[in-house]
Structures are given as structure tokens and as C-alpha cells.
Amino acid sequence: MNRLGTLIIVCLLMGFAYAPAHAEEETTRAFAPRLTELSFDARGAYDLVAPEMKFSSELSNVRLQGLFFRLGGEILPGLSYTYIHRLNKVVSSGFLESIDHLHLDWRATRWFGISGGKEVVALGGIEYDYAPIDIYYTSAFYSVVPCYQWGASLRFYPSESDQIQVQVAQSMLRYWAGENKANINLMWHGQHGPWRALWSVSGLQSVDKDWVGYLCIGNRVDILPWLRLDLDAMMRTGLGKETFTGKDWTFVGELSARPAEQVRVFVRSLYDFNLSGNDADLFLADGRKAGLAGFGVEYSPIRNHADLVRFFVAGAYGWGQNVQDGETVKEKDFRFQAGLRFKMDILGTYRYAQEKRRNAVLTE
């Protein structure tokens with residue numbers, strides 16, 4: 001095990017060992033560990049692909065786009081766990097790499113908490129914050145960034161509306177730079193009236209002794225109870241004197257509306273570009289310029305339980321260019337998908353059956 005992994009594990013053991021040791025004896029005796037989530041989430045669709053605006057029968061197909069196993073529970077008051085496994089990636093990525101979440105969370109006091117394990121790297125941004133099963137077309141950066149890594153976080157709650165997260169995790173660049181590399185992230189979660197903020201500043205260890213810096217400003221504004229606007233701006237840059245350029249960005253915007261309780265419609269636009277003139281960014285190659293404009297409609301037939309069944313259609317037109325081996329490659333692609341997302345709530349079904357059984361006994 002590398003030094004970074006050893007340090008993270010030691011910090012976690014010290015922190016989580018403190019929690020049960022200082023819990024009140026009466027609370028511990030009275031409380032039984034409880035399961036809070038046990039479910040499968042799945043999404044499948046017919047995915048139409050038209051490179052250069054020409055339909056491709058080879059690339060177009062019915063696809064399982066996501067299959068997630070979710071398990072969560074509470075061990076002690078304030079000490080909980082989360083396990084999310086992306087089952088459709090087990091074969092392609094391996095069993096351990098296909099685990100998205102596997103971590104403990106301890107809310108020690110009203111103003112302080114700690115978490116650790118495999119968790120989301122705290123990069124901020126609304127697009128990045130979406131669950132993968134709930135997003136259809138993404139920025140070029142989002143589609144390649146390995147956002148789930150082993151790490152630990154300290155969380156501070158200066159008010160009921162704000163959270164400050166300090167995180168140390170494996171570097172997302174470790175696949176190129178080596179395993180013994182770290183991410184250091186500082187993120188602010190804020191919710192003030194109709195405005196939600198996910199802002200962050202991060203440093204990622206890269207190849208040799210290089211570092212890459214990230215600045216992300218993510219905003220969500222509820223313009224009206226039924227109308228929402230998301231806006232993200234992310235800058236990536238090398239932190240060396242010769243690589244700090246400010247010419248490597250991703251911008252994302254989405255306007256969504258609910259004209260009816262069970263219907264959501266949205267339009268989405270995004271643009272990635274890297275004009276830095278250097279190779280500090282290992283995710284978005286120098287010379288890359290890629291844009292996308294898309295739309296979508298979602299319909300949830302079960303009232304008050306929108307997450308159980310959802311039908312959707314979504315389409316997007318993408319364009320861009322990239323410098324590869326000295327040649328300019330141009331792309332003009334159209335994609336369209338129509339499908340179904342549904343949740344198999346095993347725990348909810350069990351509790352419903354138990355409740356019906358109790359009611360039947362009482363009425364006998």
C-alpha cells in the first residue's frame with residue numbers, strides 16, 4: 001500500500017474510533033443499527049448515433065446505460081455508511097474500480113463531520129454533482145474524469161446553509177502519474193434562498209513533480225418554483241510558471257422547467273476548450289474545442305415518486321476539433337436517445353409489505 005493510502009486509513013481509523021468511544025452509553029444501548037437504503041437503479045435506451053450527421057447502424061443500438069446497486073445505513077446516531085456499485089462496469093473496469101461509493105460518514109457535532117473511503121472527489125460544479133444515472137449528455141471533461149477516488153474529508157458547518165469541505169484523496173491523474181499522488185480540495189456548498197453554490201479550488205499532483213490546478217464555480221438558481229437555471233465555469237491550469245495560462249475551460253448551462261408535476265423539460269449547452277499551448281491538462285488535450293447543444297423531456301408516471309419510473313427522450317448536436325499528431329480532426333455529430341429509468345426499491349417494498357401485514361393483523 002502506498003504512503004497516501006496508509007495516511008488516509010490511519011486518519012480514518014483515529015476519527016471513526018473516536019465516535020463510538022464517546023457515544024453516550026444509554027443511547028448506544030437503546031439504538032440498533034438500521035438499514036436506510038437497499039435498491040437497484042437501472043437506465044436503458046435506444047441510442048441513435050449520427051457521426052457527421054449520417055446515421056450509423058453499427059453505432060446505434062439498444063444499450064444498458066447504467067445499473068447501480070445502492071446500500072446505506074446508520075451504525076450509530078451520526079455514524080452512517082454508503083455503498084454504491086456500478087454493476088454495468090464490473091467487466092470493463094474490474095470489480096474494485098466499478099465501486100463508486102464505499103465510505104463512512106460521521107457527523108460528530110452540529111458544526112463538524114468527517115468522512116472517508118471511496119467518495120466523490122470534491123471538484124464542485126452542478127454538472128459534476130449530478131448522479132451519473134440522471135444525466136444524458138455531458139461535457140468532454142465530465143465524460144473522461146475519474147471522479148471516484150479513495151480519500152478522506154473534513155466537513156465544517158458554519159451555518160445551516162453552508163458547508164466547507166476539506167478533502168485529501170488519490171489524484172485523479174494517478175492512472176498516468178502513478179498511484180502515490182494526491183488531490184487536495186477545498187469546496188464550499190451553499191444554499192441561500194433560491195441560489196445554490198458549489199464552488200471549489202483544487203490541486204492535483206501530476207507527472208513527476210508537476211501540479212494541476214482547478215477552479216470551479218457552480219451555481220443553481222431557482223428562478224421560479226417551476227423554472228431552474230444551472231451555470232458552471234471550470235478552469236484548469238498547470239501551476240508552473242510556464243504552464244499557468246488561464247486558457248483551459250469548461251462552461252455548462254442548463255435551463256429546466258416543470259410545466260406539470262410529473263414532467264420536466266430542459267435545454268442544455270456546453271463548451272470545452274484548451275488553448276493553453278502545453279500538455280499540463282491530461283484530461284483535455286491542447287487544441288481541443290468541443291461544443292454541444294441539447295434538449296430533453298422526462299415523464300414520471302407515478303405521482304409523488306418520480307424516482308421510481310421515468311421515461312425520457314434526449315437529443316444533442318455536438319461539434320468540435322482536436323489537434324492530434326499534427327492534424328486537425330473535425331466532428332459534427334448528432335445523438336438521440338429514448339428510454340426508461342427505473343428504481344427497484346427493495347427496502348421500500350419490504351417495509352410496505354410489513355406495514356400491510358401489521359394493518360391486516362389489527363383489523364382481524
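Some words on the overall build of the protein
Right, on to step 1. Within the protein one finds seven helices and 16 strands.
Right, on to step 2. Across the 364 residues that make up the protein, the buried fraction comes to 43%.
Right, on to step 3. Residue pairs in contact within the protein that sit at least 24 positions apart in sequence constitute 55% of those at least 6 positions apart.

Looking at a nonpolar patch on the surface
Right, on to step 1. Taken together, the side chains of Trp111, Leu154, Phe156, Val166, Leu186, Trp199, Val201, Leu215 and Ile217 make up a nonpolar region of the molecular surface, amounting to roughly 720 Å² of accessible area.
Right, on to step 2. Elements with a contribution of two residues or more to the nonpolar patch: strand S6 (148-159), strand S9 (195-205) and strand S10 (211-224).
Right, on to step 3. Summarising the element assignment, Val166 is placed in strand S7 (residues 162-170).

Thoughts on unusual backbone geometry
Right, on to step 1. Of note in this structure, Met53 is not a glycine but carries a positive phi near 65°.
Right, on to step 2. Tracing the backbone shows Met53 in the loop between strand S1 (34-51) and strand S2 (61-76).
Right, on to step 3. Even without being a glycine, Asp208 presents a positive backbone phi close to 55°.
Right, on to step 4. The exposure class assigned to Asp208 is exposed, which follows from its relative accessible area of 64%.

Focus on the environment of Arg264
Right, on to step 1. Positionally, Arg264 belongs in strand S13 (residues 263-274).
Right, on to step 2. With sequence-adjacent residues up to four places away left out, Arg264 is seen in contact with Tyr130, Glu254, Ser256, Ala257, Arg258, Gly296, Val297 and Glu298.
Right, on to step 3. A polar contact is formed between the side chain of Arg264 and the side chain of Glu254, at a distance of 3.3 Å.

With respect to the pattern of salt bridges
Right, on to step 1. By the definition in use, this model includes 24 salt bridges.
Right, on to step 2. Residue Glu37 pairs with Lys343 through a salt bridge whose shortest N-O separation is 3.9 Å. With Glu37 in strand S1 and Lys343 in strand S16 (residues 327-345), this pair connects stretches of sequence that are 306 residues apart.
Right, on to step 3. Close ionic contact of Glu127 with Arg268 constitutes a salt bridge, the shortest N to O distance being 2.9 Å. Taken together, the residues Glu127 in helix H4 (residues 126-129) and Arg268 in strand S13 connect sequence positions 141 residues apart. This pair shows no difference in class: Glu127 is buried, exactly as Arg268 is.
Right, on to step 4. When salt bridges that share partners are traced, they join Asp41, Arg70, Glu127, Asp134, Glu254, Arg264, Arg268, Glu298, Arg310 and Arg341 into one network.

Here we look at the packing of aromatic side chains
Right, on to step 1. What the rule picks out here adds up to 17 aromatic pairs.
Right, on to step 2. For the pair Tyr271 and Phe273, a centre-to-centre distance of 5.8 Å together with 40° between the ring planes defines the contact as tilted.
Right, on to step 3. A relative accessible area of 16% means that Phe273 is categorised as buried.
Right, on to step 4. These aromatic residues form a ring-pair network of at least three members: Phe141, Tyr175, Trp176, Tyr214 and Phe283.
Right, on to step 5. A cation sits over an aromatic face here: Arg107 above Tyr157, 3.6 Å from the ring centre.

What about the side chain of Thr250?
Right, on to step 1. With respect to the helices and strands, the residue Thr250 is situated in strand S12 (residues 248-260).
Right, on to step 2. Thr250 gets classed as buried once you look at its relative accessible area, which sits at 4%.
Right, on to step 3. At 2.9 Å, the side chain of Thr250 forms a polar contact with the side chain of Arg236.
Right, on to step 4. Here Asp272 takes part through its side chain, which lies 2.6 Å from a polar atom of the side chain of Thr250.
Right, on to step 5. Look past the residues within four positions of Thr250 in its chain and what remains in contact with it is Ser139, Phe141, Asp232, Ala233, Met234, Arg236, Tyr271 and Asp272.

Concerning the environment of Ser92
Right, on to step 1. Turning to its location among the elements, Ser92 is positioned in helix H3 (residues 90-93).
Right, on to step 2. Of the polar contacts made by the side chain of Ser92, one reaches the backbone oxygen of Lys89; its length is 3.4 Å.

Comments concerning the side chain of Ser200
Right, on to step 1. Relative to the assigned elements, Ser200 resides in strand S9.
Right, on to step 2. Classification of Ser200 by relative accessible area gives buried; the value is 5%.
Right, on to step 3. Reaching out from Ser200, the side chain makes a polar contact with the backbone oxygen of Leu123 at a distance of 2.4 Å.
Right, on to step 4. If sequence neighbours within four positions are ignored, Ser200 has contacts with Ala122, Leu123, Gly124, Leu186, Met187, Tyr214, Leu215 and Cys216.

Cut-offs applied
Residues numbered from 1 in each chain as written. Predicted model: local features only at pLDDT ≥ 70, side-chain atom pairs only at ≥ 80, totals over all residues. Heavy atoms only, no water. Helix = DSSP H or I, 4+ residues; strand = E, 2+ residues; numbered from the N terminus. Buried < 20%, exposed > 50% of the residue type's maximum accessible area, 1.4 Å probe, protein only. Contact = heavy atoms within 4.5 Å. Patch = residues over 30% accessible without salt bridge, like charges linked within 9 Å, V, L, I, M, F, W, Y side chains within 5 Å. Areas by Shrake-Rupley, 256 points an atom, 1.4 Å probe, with all protein chains shown as cover. Salt bridge = Lys/Arg side-chain N within 4 Å of Asp/Glu carboxyl O. Polar contact = N/O pair within 3.5 Å; in protein donor to acceptor, adjacent residues only side chain to side chain. Phe/Tyr/Trp six-rings, centres within 6.5 Å; stacked < 30°, edge-to-face > 60°. Lys NZ or Arg CZ within 6 Å of the ring centre and 35° of its normal.

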